[in-house]
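A closer look at the structure
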Amino acid sequence: MNNVVSISRDDELLEAASRWVLKLDEGELSEGDEAALGAWLDESVEHRESLMEVASVWDRADTLARLAELFPRGSEHDRVKRGFGYRPWAQGFAAAGVLAVLIAVGLMLPTSGGDKAPPVTSAEYATAIGEQKTLLLPDSSEVVLNTNSQLGVTFTPDQRLLRLAQGEILVRVAEDHTRPLSVLAGNQIIQAVGTEFVVAMADDHHVELLVTEGKVAIGRQSVMAPSPRVRDINALDSLALPPLLGQSDDNNIVAVGELVSLGNAEPVKKTVSSDDIAAKLSWREGRLTFRSEPLEHALKEVERYTTVEFVFLDESLKTRALSGRFRVGDVEALLSSLRMNFDIAHEFDGESRVLLSSL
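A brief look at the structure comes next. Note that the structure is predicted; figures quoted are calculated from it, not measured.

We now examine the overall build of the chain. Tallying secondary structure elements over the chain gives 9 helices and 18 strands in all. Taking all 359 residues of the chain together, 45% fall into the buried category.

Right, dumping it as structure tokens:
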């Protein structure tokens, strides 16, 4: 039985759409750029939908209007006259442009008290089991969602806020000292002005932070952050904006190469080697790398990317050290390796359970 969950390539599509939105936002396109954009949009409906989604989420109504100008919909005479340059799907950009304007206006509606709320941009993202997604944020920061993750994104004039409800994210923060970026995971705050780090949140709300570049500040939120499924985005209080954390106290600073466990107790730090960092980030290339990892822990990691559950019939197998590199979701290859290299037999119990025992 082959229980392989393929990795989605939506991240590449969103990256391409984001690059086009940025290019359009920068100014006029050259004739070559216009031709390349038109060809890219003609390739599939997914390209067009992705471009409209990115432009709408970023509130780039002017970008959508520009697209409608570049590829207008006209009369039959115009279509014949334009020939190759005509694209009948372009009318969708005009409609989406109106939608983006409505979204922008909605985000600036006054609160019930009559005072105008500051402009807020908010969006929600999720990945399925085995899926990855790359987001390019309006400030040019980049967030990669790993398998089975839920994330809310909120931008205000003073803060950039990511609300991680579950899963794992890699964050590359565009530097902005006037508006820090904060990740809220449960009641934990991870804050930076420009750096790179990974945050993982387990089912029990245990949070793990790995800093791969620069440094970040950590702290706790007095009010638990809500789920990303927040619908009233104008109610800023419900977003539980975190306090600004100082970065002068070594006790709340996590530097590059440090891994910290965040929970109810005091943070526990340890230094991680460059090889271990590469192993922890190997999921970005569709691989899982284990370096003398207890088999029980390694298989828990594998389970995050598949619908398979591993059951140990022999308890002594749990502490066996596993080393190796495996393709994400390729359960058959993993089981073959366990049998050949570790003398571990397996048996499928239905479609989603694998029973492990010693040969």
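To continue, consider the environment of E49. Inspection of the secondary structure puts E49 in helix α3 (residues 45-57). With 32 residues separating them along the chain, E49 and A17 place their C-alpha atoms 9.3 Å apart.

Moving on: the nonpolar core. Within the largest apolar cluster, 42 residues are counted, with the highest numbers of intra-cluster contacts made by L162, I169, I190, F197, V199 and L209. Listed in part, the 31 residues of the second largest apolar core include V144, L210, F312 and L317.

Taken together, 3 strands build an open sheet; the order of strands is β15-β18-β17 and the sheet is mixed. The sheet is open, and its two edges are formed by β15 (309-312) and β17 (344-349), each paired on a single side. Strand-to-strand, the axes of this sheet are offset by a mean angle of 30°, without reference to chain direction. Strand contacts of helix α8 (residues 295-303): β15, β17 and β18 (353-358), with the helix running at about 160° to β15, the strand carrying the most contacts.

It is worth spelling out the pairing of strand β4 (residues 150-155) at this point. Taken residue by residue, a regular strand's side chains alternate between the two faces of the sheet. Burial runs high along β4: 5 of the 6 residues are buried. Bridge analysis of strand β1 (residues 121-126) against β4 gives 6 bridges, and the strand direction is antiparallel. Following the sheet pairing, S122 is matched in β4 by T154. As judged from the 6 bridges shared by β4 and strand β5 (residues 160-172), these two strands associate in the antiparallel manner. When the bridges of β5 are listed, F155 appears paired with R160. The antiparallel pairing of β4 with β5 creates a hairpin that spans 4 residues between the two strands.

What follows deals with the packing of aromatic side chains. The geometry of an aromatic ring pair is captured by the separation of the ring centres together with the interplanar angle, meaning the angle of the planes. The full count for this structure, using the stated rule, is 1 aromatic pair. Between the aromatic rings of F290 and F326, the centroid separation amounts to 6.2 Å while the plane-to-plane angle is 45°, which identifies the pairing as tilted. Of this pair, F290 sits in strand β14 (residues 287-294) while F326 sits in strand β16 (residues 321-327), and the two are 36 residues apart along the sequence. The exposure class assigned to F326 is buried, which follows from its relative accessible area of 12%.

Inspection of every chain in the model, using the stated rule, returns 11 salt bridges. The partner of R172 in a salt bridge is E142, with the nearest N and O atoms 2.3 Å apart. Of this pair, R172 sits in strand β5 while E142 sits in strand β3 (residues 142-145), and the two are 30 residues apart along the sequence. R172 gets classed as partly exposed once you look at its relative accessible area, which sits at 30%. Across the pair E168 and R304 runs a salt bridge whose closest N-O atoms are separated by 3.0 Å. Of this pair, E168 sits in strand β5 while R304 sits in the loop between α8 and β15, placing them 136 residues apart in sequence. Look at R304 and you get partly exposed, because its relative accessible area is 26%.

Let us now look at unusual backbone geometry. With the exception of glycine, most residues fall at negative phi, and the peptide bonds are largely trans. Positive phi is not limited to glycine here, since N148 has a value of about 50°. Positionally, N148 belongs in the loop between β3 and β4. The backbone phi angle of D343 is positive, close to 55°, even though this residue is not glycine. With respect to the element layout, D343 can be found in the loop between α9 (331-342) and β17.

With that out of the way, let us pick up α9. Over its 12 residues, α9 extends 15 Å from the first C-alpha to the last, a length consistent with the 16 Å expected when each residue adds 1.5 Å. By the burial criterion, the buried members of α9 are V331, L334, L335, S337, L338 and F342. Along α9, the residues classed as buried sweep out an arc of 155° about the axis, all on the same side. Here the buried face of α9 lies against α8, β15, β16, β17 and β18.

Attention now moves to the side chain of Q132. Tracing the backbone through its elements, the reader meets Q132 in the loop between β1 and β2 (133-136). At a separation of 2.7 Å, a polar atom in the side chain of Q132 contacts the main-chain carbonyl oxygen of W283.

Here we come to the side chain of H47. Along the chain, the position of H47 falls in helix α3. Given the relative accessible area of 12%, H47 is considered buried. At 2.7 Å, the side chain of H47 and the backbone oxygen of W40 are in polar contact. Other than its neighbours up to four places away in sequence, H47 contacts L13, W40 and L41.

This part takes up helix α2 (residues 31-43). The first and last C-alpha atoms of α2 sit 19 Å apart over 13 residues, in line with the 18 Å expected at 1.5 Å per residue. Looking at α2, one finds that the buried residues are L37, G38, W40 and L41. Within α2, the buried residues cover an arc of 165° as seen down the axis, which keeps them to one side. Facing away from the buried side of α2 by over 90 degrees, the exposed positions are E31 and E43.

Cut-off values and rules
- Residues numbered from 1 in each chain as written.
- Predicted model: local features only at pLDDT ≥ 70, side-chain atom pairs only at ≥ 80, totals over all residues.
- Heavy atoms only, no water.
- Helix = DSSP H or I, 4+ residues; strand = E, 2+ residues; numbered from the N terminus.
- Buried < 20%, exposed > 50% of the residue type's maximum accessible area, 1.4 Å probe, protein only.
- Core = buried A, V, L, I, M, F, W, Y, C linked by side-chain atoms within 4.5 Å.
- Pairing = 2+ DSSP bridges.
- Axes fitted to C-alpha atoms, helices over the stretch in contact; angles between N-to-C directions.
- Contact = heavy atoms within 4.5 Å.
- Phe/Tyr/Trp six-rings, centres within 6.5 Å; stacked < 30°, edge-to-face > 60°.
- Salt bridge = Lys/Arg side-chain N within 4 Å of Asp/Glu carboxyl O.
- Expected span 1.5 Å × (residues − 1).
- Arc of directions from axis to C-beta.
- Polar contact = N/O pair within 3.5 Å; in protein donor to acceptor, adjacent residues only side chain to side chain.

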